[in-house]
Amino acid sequence: MLAIVLPTIVAIFAFAYWFRASNGRAFYWPNWEYSGRIELVVWSIPALTVILLGGVAWIGSHQLDPAAPVQGTGSPIRIQVVSLDWKWLFIYPEQGIATVNALTVPVGAPLHFELTSGSVMTTFFIPQLGSMIYTHERDGHAAEAPRRQ
């Protein structure tokens, strides 16, 4: 935003200083209507800003796609995640254990979460894993989504 605001503020003060009443070198063209170069500059700066911000948003949103697999160094870990009222249940079927409100995984292991809900729709969000996924009860079937690590 400063890339737009600061030059605009500087231009306001520069125009006010240059076109003041006491400046004899400043000139006035009462019949001047159009300049292609000025139009190009005036419209290209906002257009380039929108393209830049749109590109950053596009790339960032695709990098945080929850279904995108992430390569890991260890063996994959399957975790069944159940959202319950005011808590999360993490079930590790291959290890035969379950935890409440504590997700523990080895560093570098690819994770595969199977998300479901015990009652209402909730949001499963761990910032270090990427983006959020909504969980909801689906006729007793888990909503599968491979997750980022």
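Just so it is clear, the model here is predicted, and its values are computed rather than measured.

*Asks:* Would you mind going over a nonpolar patch on the surface with me for this structure?
*Replies:* Nonpolar side chains collect at one region of the surface, where M1, L2, I4, V5, L6, I9, F13, V41 and I45 lie side by side and expose about 890 Å² of accessible area between them. When residues of the nonpolar patch are traced back to their parent elements, those giving at least two are α1 (2-18) and α2 (36-63). It is α1 that provides the largest number of residues to the nonpolar patch, a total of six residues. Note on placement: V5 falls in helix α1. Accessibility expressed as a relative area gives 30% for V5, which makes it partly exposed.

*Asks:* Even after reading the chapter, I still don't get the packing of aromatic side chains, so can you show me in this structure?
*Replies:* Given two aromatic rings, their pairing is described by the distance between the two centres and the angle made by the two planes. Considering all chains together, one arrives at five aromatic pairs under this definition. An aromatic cluster is defined as three or more aromatic residues linked by ring pairs; in this entry it consists of W88, F90, F113 and F124. Lying across the ring of Y17, R20 places its NZ or CZ 4.2 Å from the centre.

*Asks:* What is the right way to look at the pattern of salt bridges in this model?
*Replies:* Here the idea is simple: oppositely charged side chains can pair when their charged atoms come close. Counted by the stated rule, this structure contains two salt bridges. We note a salt bridge from R78 to E94, for which the minimum N-O separation is 3.2 Å. Here R78 is found in strand β1 (residues 77-84), whereas its partner E94 is found in the loop between β2 (87-92) and β3 (97-100), with 16 residues between them in sequence. Overall, the relative accessible area of 27% leaves R78 in the partly exposed class. Between R78 and E114 there is a salt bridge whose closest N-O contact spans 3.2 Å. With R78 in strand β1 and E114 in strand β4 (residues 111-117), this pair connects stretches of sequence that are 36 residues apart.

About the cut-offs
Residues numbered from 1 in each chain as written. Predicted model: local features only at pLDDT ≥ 70, side-chain atom pairs only at ≥ 80, totals over all residues. Heavy atoms only, no water. Patch = residues over 30% accessible without salt bridge, like charges linked within 9 Å, V, L, I, M, F, W, Y side chains within 5 Å. Areas by Shrake-Rupley, 256 points an atom, 1.4 Å probe, with all protein chains shown as cover. Salt bridge = Lys/Arg side-chain N within 4 Å of Asp/Glu carboxyl O. Helix = DSSP H or I, 4+ residues; strand = E, 2+ residues; numbered from the N terminus. Buried < 20%, exposed > 50% of the residue type's maximum accessible area, 1.4 Å probe, protein only. Phe/Tyr/Trp six-rings, centres within 6.5 Å; stacked < 30°, edge-to-face > 60°. Lys NZ or Arg CZ within 6 Å of the ring centre and 35° of its normal.

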